[in-house]
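Descriptive analysis of the structure
Spelled out from the first residue to the last, the chains are:
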Amino acid sequence: MSSSAEPVESRVRFLGQRGTYWRLLSRGAVLLVLTLGLYRFWLMTDVRRLLWSHSEISGETLEYSGSALELLLGFLVAVSVLVPLYAGFFLIALQIGAIGEWSGVLAFLGLGFLGQFAIYRARRYRLSRTIYRGLRFAQGGSAWIYALRAGAWWALTGLTLGLAYPFQLASLERYKMRHTSYGNLPGRFVGAGWRLFLRGMLMWIAVVGPLLLALSALTAAIDWGAMAGTVEQGGDDVMARIEGGNPGFGSAIAFALLMFAAAAVMAALLYPVFQAIVLRWWCSGLSFGDLRLDSKLRIRDVYGAYMRFVWYALLFSIVLALAALPALLALGLLEEKLPNSTATEAASVGGALAGYVIAMLGYSTIYRATVGFSLWQLAMDSIVLTGVPLLDRIEARGGASSPLSEGLADALSVGDY
Amino acid sequence: MSEAYAINTGAGVFFDGRTSARHPVHVMLRPEQLEIESEDGRLLAEWPYREIESLNAPESVLRLGRRGNAVLERLVVSDPALATALGERAVQLDRSGRVGRRQRAAVIGAGMLATLSLVLLAWLAVPSLAARLTPYVPLSLERKLGAAIDMQVRAALDTHHRGAQFECGLEPGKRPTKLALGRLLQRLESVAALGMPLRIAVVRRSEPNAIALPGGQIYVFQGLVDQADTPDQLAGVLAHEIGHVAHRDGTRAVLHGAGLSFLFGMMLGDFVGGGAVVIAVRTLLQSSYSRDTEAAADAYGVQLMRKAGGDGRALGVMLGKIGGATEPGMRILRDHPDTKARIAAIERLAPAGGGGMLLAAQDWAALRTICKD
């Protein structure tokens, strides 16, 4: 560990065992299937209790005081808010004219906005359930304002093809941390967007560059006047006629596909780098009063976490394939004995469904136990604190907050640990 | 017991909940309570054993708080002997974890029961709830719903093949064919007395099929007209579709689908890979329900044909010919028992050889050319 050279007082460590986490997640995956997902509140709480209580800062561990029942209750309240909202969107969609036509966009924007609102409030819930040395963390600020800011930033990031993303992260993180406190110690975020921008620029070019090349090649190869006529005419054979009207179109498509593939490969290869850079930048930007965090997270460690995921996923795939063989054999026998029967149909559909669910849950569990666990561990172990003497003089402030919005985040599927 | 009680004092770390300061303390186990004393001998806290609770901490450490305390006082005990002695005095600390495991088992049991009851709700209560609510949906809303579905149906079914129009018989020269179609519909509609106007169109699709939308729009596919040998065979399928409109099956299906989406999209199924489970369960529940709906529409169709003076069995003949595929997505093989059962049910309802033709020969001849160039 890079932090082992630091004095104990300024050290942040993660004490959790990967084996415990594996057991927790795999038991949780089975129970998720058996309860069709209802168990997620208990699993999420267990995961947080494990991660929090094994994160040691300057000799003392964090305490998570939230409970699964709070999450369930918050979820039920959120559902009762969302159902009339969905019904409203449905009725709007039936309106003839502009409102009806734009209802899909309206619903997307409305739910996106609500999702950002929920993200902010869920963070507030998590912080107020985080206790360290007998004092709570707290978050004030307005979730509405945060959601407005986040919406505007997402629009800007979309319009600039992602170039504004570092500045979005910095701005939103500043808002969150400005309204975060530990006891009477105010939080602050000092990470600068342009630093992240400079670090990420090359990666952006490597991924978006091929995409832009592909688009420009397609645009150049098409005679737009003829194209409009062709598309307007419509029919089964649009593609054939487009190709007939644009002789260079075939090779342009081949080139575009090649570029798309290049962009996808680049994105997959560079994603761990991107994640490591963002995580280190974020950890290093956090501070509470004169208490500063600094991270020395290394990119190769994050790559190691992803390699571990790829390796386990490969093993799991082999096991899955071996397990599928006897199942397919049994199905083949059934097909032979009772061809075209309902039982055979049910067995094959049920088998495919079970296989799909096992595979998806398996990969997701492996991902969380490898990449998810390692990122938490690496980030914690990479942090060095300065200004630690302050830790003895902080005073209590703030109470617990409502779990409602964490439920909203869950209902909108934007929750995370 | 005497051995366990040998330890009645030990070291710990105390946080008073007012500041973050770390206080090394002596913990003393008195008969009814534990006392927390600072190193210089000041009494910092007295906690009765029954009010102590164990809080989130790593395995090697016991973190204690006082139940119902607004101030977050915390006592951290790392000494295993002291932790054991505390566990014996305050059983709720659950040092063996047995109570925690039992509670978790109860949670899992309750969770599975809740899941089961939600699935039963989706299976039994949602269809009947949808059926009860359907009559209260105003017809104006049903027409709007139909218009919205109509747009989607047209977008999905219209292939624009060789630039031909989706709807047949719109050319000026095809007026007689449209009139013949209108007369056939009129024969049935006048008997049905639905309270909402029906609209009908033959559309350029080769499958032998017909669909009814909420609000009274019926689409007959060209393939059905091509396969019908008599006007009554076409009318039989039309009467079946009118049955769907009369029973407001489209609106009921939308309500049914919304109920299932609520239960299996929001309450249940929110886990990785759960999407496939949701779709499978919904399809299963909806298709088992739609079999009943089809049977009811068959019965309505037979009655309507008889009242209009047509051949009640013509629908069965047509079903036999096309293999029961009156609904998209339900194209079942011809020898499928479901189709045979439907034909048998129709034959039970309708006497053989009843009724005459619902359309004059020249109208029928005209109608058959509605999609021909």
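Nothing here was measured: the structure is a model prediction, and the numbers come from that model. (Residues numbered from 1 in each chain as written. Chains lettered and ligands numbered in written order. Predicted model: local features only at pLDDT ≥ 70, side-chain atom pairs only at ≥ 80, totals over all residues. Heavy atoms only, no water.)

Notes on the overall build of chain B
Helix and strand content of chain B: 11 helices and 10 strands. Its C-alpha atoms give chain B a radius of gyration of 36 Å, more than 25% over the compact-globule value 21 Å for 373 residues. Taking all 373 residues of chain B together, 47% fall into the buried category. Summarising the internal contacts of chain B: among those between residues at least 6 apart in sequence, 59% fall at separations of at least 24. Working note: accessible area of chain B is about 17800 Å², and carbon and sulfur atoms make up 58% of it. Side chains of chain B carry 43 positive and 38 negative charges; the gap between the two charge centres is 7 Å. (Helix = DSSP H or I, 4+ residues; strand = E, 2+ residues; numbered from the N terminus. Rg over C-alpha atoms; globule rule 2.2 N^0.38 Å. Buried < 20%, exposed > 50% of the residue type's maximum accessible area, 1.4 Å probe, protein only. Contact = heavy atoms within 4.5 Å. Areas by Shrake-Rupley, 256 points an atom, 1.4 Å probe, with all protein chains shown as cover. Lys, Arg positive; Asp, Glu negative; His and termini not counted. Charge placed at Lys NZ, Arg CZ, Asp CG, Glu CD.)

Here's the deal with the overall build of chain A
Each helix and strand in chain A was counted, giving 14 helices and 11 strands. Counting the 417 residues in chain A, one finds 45% classified as buried. Pairs at least 24 residues apart make up 77% of the contacts formed inside chain A by residues separated by at least 6 positions. Of the roughly 20500 Å² of accessible surface on chain A, a fraction of 70% belongs to carbon and sulfur atoms.

A closer look at the pairing of strand β6 (residues 135–139) of chain A
Residue and element names in this part refer to chain A. Judged by how many residues are buried, β6 sits mostly within the fold: five of five residues are covered. Bridge count for strand β5 (residues 130–132) against β6 is two bridges, and the pairing is antiparallel. Within β6, the residue paired with Tyr132 across the bridge is Leu135. A loop of two residues connects β5 with β6, the two strands running antiparallel in sequence, and Arg133 in this loop sits at a positive phi of about 55°. In the sheet, β6 pairs with strand β7 (residues 180–182) via three bridges, with the strands oriented antiparallel. Its bridge partner being in β7, Ala138 is matched across the sheet by Ser181. (Pairing = 2+ DSSP bridges.)

A look at the nonpolar core
Ranked by size, the top nonpolar core spans 90 residues in total, and within it Leu51 and Tyr182 of chain A together with Phe264 of chain B carry the most contacts. Ranked by the residues each element gives to this core, the list is headed by helix α13 (residues 342–382) of chain A, at 11 residues. Once residues lying within four places of it in the same chain are set aside, the contact partners of Tyr182 of chain A are Tyr132, Arg133, Leu135, Arg136, Phe137, Phe288, Leu391 and Ile394 of chain A together with Ser20 of chain B. Judged by nonpolar contacts, the second largest core, of 42 residues, contains Ala239, Met305, Leu319 and Trp364 of chain B. (Core = buried A, V, L, I, M, F, W, Y, C linked by side-chain atoms within 4.5 Å.)

A look at the packing of helix α6 (residues 231–246) of chain B against helix α8 (residues 274–307) of chain B
Residue and element names in this part refer to chain B. In contact at an axis separation of 7 Å, α6 and α8 are set at 125° when each is read in the N-to-C sense. In terms of axis orientation, α6 runs oblique to α8. Seen from above, α6 lies across α8 with right-handed handedness. Contacts from Asp232, Ala235, Gly236, Ala239, His240, Ile242, Gly243, His244 and Ala246 in α6 reach Thr293, Glu294, Ala297, Asp298, Tyr300, Gly301, Leu304 and Met305 in α8. Partitioned by chemical class, the residues of the contact of α6 with α8 number eight nonpolar, six polar and three charged. (Axes fitted to C-alpha atoms, helices over the stretch in contact; angles between N-to-C directions. Parallel < 35°, antiparallel > 145°, perpendicular 65-115°, else oblique. Left-handed = near helix turned anticlockwise from the far one by under 90°. Nonpolar A, V, L, I, M, F, W, Y, C, P; charged D, E, K, R; others polar.)

Some points on the sheet that holds β6 of chain A
Residues and elements named next belong to chain A. Strand order in this open sheet of eight strands is β4-β5-β6-β7-β8-β9-β10-β11, and the pairing throughout is antiparallel. Taken across any chain shown, the strands that pair with only one partner, and hence form the sheet edges, are β4 (63–64) and β11 (383–386). Each of β4, β5, β6 and β7 touches helix α5 (residues 103–128); the most contacted strand, β6, lies at about 170° to it.

Side note on the packing of aromatic side chains
Residue and element names in this part refer to chain A. Summed over the entire model, instances satisfying the criterion amount to 26 aromatic pairs over all chains. Ring geometry for Tyr146 against Tyr175: centres 6.1 Å apart, planes inclined by 35°, an arrangement best described as tilted. Placement of the pair is Tyr146 in helix α6 (residues 143–159) and Tyr175 in helix α7 (residues 165–178), with a sequence separation of 29 residues. Each of the two residues, Tyr146 as well as Tyr175, counts as buried. An aromatic cluster of at least three residues, connected via ring pairs, comprises Trp154, Tyr165, Tyr271, Phe274, Tyr306, Phe309 and Tyr367. Seen from the ring of Phe75, Arg40 lies directly overhead, with NZ or CZ sitting 4.9 Å from the centre. (Phe/Tyr/Trp six-rings, centres within 6.5 Å; stacked < 30°, edge-to-face > 60°. Lys NZ or Arg CZ within 6 Å of the ring centre and 35° of its normal.)

Digging into a nonpolar patch on the surface
Residue and element names in this part refer to chain A. Together, Trp311, Tyr312, Leu314, Leu315, Ile318, Leu322 and Leu325 make up a nonpolar patch on the protein surface, roughly 700 Å² of accessible area in all. Relative to the helices and strands, Leu315 is located in helix α12 (residues 299–337). Classification of Leu315 as partly exposed rests on a relative accessible area of 37%. (Patch = residues over 30% accessible without salt bridge, like charges linked within 9 Å, V, L, I, M, F, W, Y side chains within 5 Å. Salt bridge = Lys/Arg side-chain N within 4 Å of Asp/Glu carboxyl O.)

Some details on the interface of chain A and chain B
Contact residues are listed per partner, giving 57 residues for chain A and 46 residues for chain B. Both faces combined, the contact of chain A with chain B buries some 4400 Å², and carbon together with sulfur accounts for 64% of it. Per-residue buried area on chain A facing chain B is highest for Leu36, Glu63 and Leu94 of chain A; these three make up 15% of the total on that side. Residue Asp46 of chain A is joined to Arg104 of chain B by a salt bridge in which the shortest nitrogen-to-oxygen separation is 2.6 Å. Linking chain A with chain B are 14 residue pairs in polar contact (both at pLDDT 80 or more), by the criterion used here. The greatest single-element share of the side of chain A that touches chain B, amounting to eight residues, is contributed by helix α3 (residues 68–93) of chain A. Class assignment of the residues belonging to the side of chain A that touches chain B gives a composition of 32 nonpolar, 12 polar and 13 charged. (Buried area = accessible area lost by both parts, 1.4 Å probe. Polar contact = N/O pair within 3.5 Å; in protein donor to acceptor, adjacent residues only side chain to side chain.)

Quick word on helix α1 (residues 80–89) of chain B
Note on helix geometry: an α-helix contains 3.6 residues per turn, so any two residues three or four positions apart are oriented the same way. Residue and element names in this part refer to chain B. The complete set of buried residues in α1 reads Leu82, Ala83, Ala85, Leu86, Gly87 and Arg89. The inward-facing, buried residues of α1 abut β1 (9–15), β2 (23–29), β3 (33–38), β6 (62–66) and β7 (74–77). The N-capping residue of α1, defined by a side-chain oxygen 3.1 Å from the backbone nitrogen of Ala81, is Asp79.

So, the environment of Pro176 of chain B
All names here are of chain B. Among the structural elements, Pro176 can be located in helix α4 (residues 175–192). On the basis of relative accessible area, Pro176 is assigned to the partly exposed category, the value being 45%. Pro176 sits 194 residues away from Ile370 along the chain, and the two C-alpha atoms are 8.8 Å apart.

Examining the pairing of β6 of chain B
If a strand is regular, its side chains alternate between the two faces of the sheet. Residues and elements named next belong to chain B. Burial within β6 is extensive, with four of its five residues counted as buried. In terms of strand pairing, strand β5 (residues 52–55) meets β6 through four bridges, oriented antiparallel. The residue bridging Ser54 from the neighbouring strand is Leu64, located in β6.

What to know about the confidence of the model for chain B
Residue and element names in this part refer to chain B. For chain B, per-residue confidence averages 84 on the pLDDT scale, and 92% of positions sit at 70 or higher. Between the elements of chain B, mean pLDDT differs from a low of 81, seen in helix α10 (residues 337–349), to a high of 94, seen in β7. In this model residues 326–337 is a low-confidence stretch, pLDDT under 50, and it forms 31 contacts with partners more than four residues away in sequence or in other chains. Per the prediction output, this complex has pTM 0.84; the corresponding ipTM is 0.81. (pLDDT = per-residue confidence, 0-100.)

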